[in-house]
Amino acid sequence: MPPYAKEEMDMTKTIMLSLHAALLILAAGAGAAAPQGQDSGGAQEESIRIGSGELAVVLGADPSPAEKRAAELLAERIKDRTGVATAQPGAEIRLRLVIGTAATNEKIKAFAAGRKDIASLGPDGYCIAAEAGKGDLYIVGQNDSGVVAGVGRLMRELRYEQGRLELPAMQIADAPRMPNRGMYLWARKHYFAQGDQVDRYIEELALWGCNGLAFWFEMGQVNSFDDPEALQWLAMYRRFYATARRMGMKTGLLMVVNDAYKNSPKDLRISPIIGCPNWYLCPSKPGSVEQMVAWQEQVFKALPAIDIYNLFPADPGGCSCPDCTPWPTHGFWRIAKPLAERIHQISPKTEIWVDTWHLNHPTFGGKDWKNLVANLVKDRPQWLAGFEVGLAPHHRFAAMSAEDRKCYNDANMPLMVFPDISMWGNHPGMLVNKEYWKSLQAELNDYSPDLMKGGWPYSERWNTDIANVVFLSFFWNSKKTVETVLDEYAAFHFGPEAKTGRELLDLLDDSCKDPQQPQKIEQTLAKLEGSVPEWAKRDWRWNEIKVSCSRFRVRK
Ligand SMILES: [Zn+2]
């Protein structure tokens, strides 16, 4: 049985953590001095009540940055939502939450010995063991990303009330099915203006199991590599990649193969093609390939080690000159091949993926992408990790037919997806579109599960948060239903008002057909306004949801 299919075990008992002022993060040495867990021999204990200073988060003697940060985020979340203050050192500790991997934490190592579920955890997996009556609770990660995902899961299982916490007793062993559970954040000022919020968001995505962060360095926004604005963007990327690394995530870079700076040499420019700025370079003009490889190399080297490099073909990109046509096997390949070889030479560990977004467009060769795929399958260059395919049924030229998907399945190469979650039907406020997400899920599951390695949704604004979580959940387990994910999301972000919050999300769904939609939205929002905990309203998501509600004004 694959690890992701493991049954989650019974969650019957409830551990009541009445935390009035009870959180302490300790190194293992300090934890060892604490009293042992309560004797559970024969005791019929339904719950554990914890007073001041009685819960400690116990890390190993030399915890990883991911472990330390996950523990801090857990402590912050509990404090923000319950008011529980950090315990004073020396306070009696009755309950310890031990976090880490067998490699970083001796207590985890001892606990994991003899546990088959932990020994067989797949990559990035975690185990949560929380037994009523035991003094020690465990979050065991297979690695950093697993620890972070496990802490995120625990945060979502906790029930937060003013002055106390409730945790159902549980034994969970879970691991993701796909290794690349990424997020592509579109670097635009409206999205990235507040660096601290982006940092926190990257961390929150990691808590949902995200293990990859991708950006596109868009040359055409600036005049040259030395443009102060370009340097600012690069500094910002380095900062966000560092945040991602600290959470155990991979880094990704999407680069349009024939991208160019705004003041590019005029004699090397493309013949105009739809959706492509005219300053891009034509790969068929003498000297242009060398120039483009040099530019891309400069960007690549200015960033920390990149794990995944995507060669993006179009939208934007392309050239309509006769020598570049059809684009996939001519212009695109003329630059993609030397570029990939150079990146591979600089960094052999970097995975290089070929994206085929938008290539169904007649101007981009119609079905010539099939020749590109066939050539690559035949040649199998050493640098090639696989193909990234569009997941965009509403996009005229990125949509894939069942026949197209079969072509990729037959190619028998690893696959990633680039889901379009926000480029169509834009509207202010939080996006909810269950039917659309289900159609994307069906497409995702139409690819061979052995080949599908994950992907990164195109997230261009804060309002894609729910869609982001839905896709991270699919990459973890592609059979998980949209309804289940929305339930989890509502439980986490509306707390005790999860049911009402969920009703509101359903009403905001773009596919909602309820004739009373505006009136019900007004009523449900008013109900939530009066009952949802203050911590839910402090979250930026609350504002996105309110903006979304404002689209439905009731006429009076
Ligand atoms: Zn050309």
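What counts, and at which threshold
Residues numbered from 1 in each chain as written. Predicted model: local features only at pLDDT ≥ 70, side-chain atom pairs only at ≥ 80, totals over all residues. Helix = DSSP H or I, 4+ residues; strand = E, 2+ residues; numbered from the N terminus. Buried ≥ 20, exposed ≤ 12 C-beta atoms within 10 Å, placed from the backbone. Contact = placed C-beta atoms within 7 Å. Pairing = 2+ DSSP bridges. Expected span 1.5 Å × (residues − 1). pLDDT = per-residue confidence, 0-100. Axes fitted to C-alpha atoms, helices over the stretch in contact; angles between N-to-C directions. Left-handed = near helix turned anticlockwise from the far one by under 90°. Nonpolar A, V, L, I, M, F, W, Y, C, P; charged D, E, K, R; others polar. Arc of directions from axis to C-beta. Parallel < 35°, antiparallel > 145°, perpendicular 65-115°, else oblique.

Secondary structure assignment for the protein chain yields 19 helices and 18 strands. Going through the 556 residues of the protein chain one by one, you find that 49% of them count as buried. Considering only intrachain contacts with a sequence separation of at least 6, the fraction spanning at least 24 residues in the protein chain is 80%.

Attention now moves to the pairing of strand S10 (residues 180-185). Consecutive residues of a regular strand have side chains that alternate between opposite faces of the sheet. Judged by how many residues are buried, S10 sits mostly within the fold: 6 of 6 residues are covered. The alternating pattern of S10 places Asn180, Gly182 and Tyr184 and Arg181, Met183 and Leu185 on opposite faces, both of which are buried. Judged from the 3 bridges that link them, S10 and strand S11 (residues 212-216) form a sheet pairing that is parallel. Bridging across to S11, Met183 finds its partner in Leu213. Where S10 and strand S18 (residues 458-459) come together, 2 bridges link them in parallel fashion. From the neighbouring strand, Leu185 faces S18, where its bridge partner is Ser459.

Moving on to helix H7 (residues 195-207). A rise of 1.5 Å per residue sets the reference length of H7, with its 13 residues, at 18 Å; its end C-alpha atoms lie 19 Å apart and thus fit the reference within 8%. Within H7, burial applies to Tyr201, Ile202, Glu203, Leu205, Ala206 and Leu207. Packing partners of the buried residues in H7 comprise helix H2 (65-82), helix H5 (144-157), S10, S11, helix H8 (228-246) and helix H14 (465-476). Directly after H7, the chain includes Gly209, whose backbone phi takes a positive value near 95°.

Bringing the confidence of the model for the protein chain into the picture now. Taken over all residues, the pLDDT of the protein chain has a mean of 89, while the share at 70 or more is 88%. Confidence over residues 1-45 falls short of pLDDT 50; this stretch has 126 contacts with residues more than four positions distant or in other chains.

Peptide bonds are mostly trans, and most non-glycine residues show a negative phi. Following Asp315, the chain continues into Pro316 via a peptide bond in cis, with omega recorded as 0°. Tracing the chain through its elements places Pro316 in the loop between strand S13 (308-312) and helix H10 (328-346). In this structure, Asn412 takes a positive phi of about 60° despite not being glycine. With respect to the secondary-structure elements, Asn412 resides in the loop between helix H12 (402-411) and strand S16 (415-419).

Quick look at the packing of helix H9 (residues 288-302) against H10 now. The contact between H9 and H10 brings their axes to 10 Å, and the two run at 35°. In the crossing of H9 with H10, the sense of the turn from one axis to the other is right-handed. In this structure, H9 contributes Val289, Met292, Val293, Gln296, Glu297 and Phe300 to the contact, and H10 contributes Arg334, Ile335, Pro338, Leu339, Arg342, Ile343 and Ile346. Grouping the amino acids of the contact of H9 with H10 by side-chain chemistry returns 9 nonpolar, 1 polar and 3 charged.

Moving on, we come to helix H11 (residues 368-379). Its 12 residues give H11 an end-to-end C-alpha distance of 17 Å, which sits within 8% of 16 Å, the value for a rise of 1.5 Å per residue. Listed in full, the buried residues belonging to H11 are Trp369, Leu372 and Val373. The buried residues of H11 occupy one face: seen down the axis, they fall within an arc of 95°. Looking at H11, the residues exposed on the side facing more than 90 degrees away from the buried face are Lys378 and Asp379. For H11, the secondary structure elements touched by its buried residues are H10, strand S15 (384-391) and H12. Arg380, located one to two residues past H11, shows a positive phi value of around 45°.

Burial along strand S8 (residues 164-168) is one-sided: Leu165 and Leu167 are buried, and none of Arg164, Glu166 and Pro168, which face the opposite way, are. Looking at chain direction, strand S7 (residues 159-161) and S8 are connected through 3 bridges and run antiparallel. For Tyr160, the partnering residue across the bridge sits in S8 and is Leu165.

We now examine the packing of H10 against H11. Contact geometry for H10 and H11: axes closest at 9 Å, N-to-C directions at 50°. Considering their axes alone, H10 and H11 lie oblique with respect to each other. Residues Pro328, Thr329 and Trp333 of H10 pack against Asp368, Trp369, Asn371, Leu372 and Asn375 of H11.

What follows is about the environment of Met400. Assignment of secondary structure puts Met400 in the loop between S15 and H12. According to the C-beta neighbour criterion, Met400 is buried, with 22 such atoms within 10 Å. It is 9.6 Å that separates the C-alpha atoms of Met400 and His358, two residues lying 42 residues apart in sequence.

With that out of the way, let us pick up the environment of Ala392. Among the secondary structure elements, Ala392 is positioned in the loop between S15 and H12. Along the chain, Ala392 and Ile421 lie 29 residues apart, while their C-alpha atoms are 8.0 Å from each other. Sequence-distant contacts of Ala392, that is, excluding residues within four places in its chain, are made with Ala398, Ala399 and Asp420.

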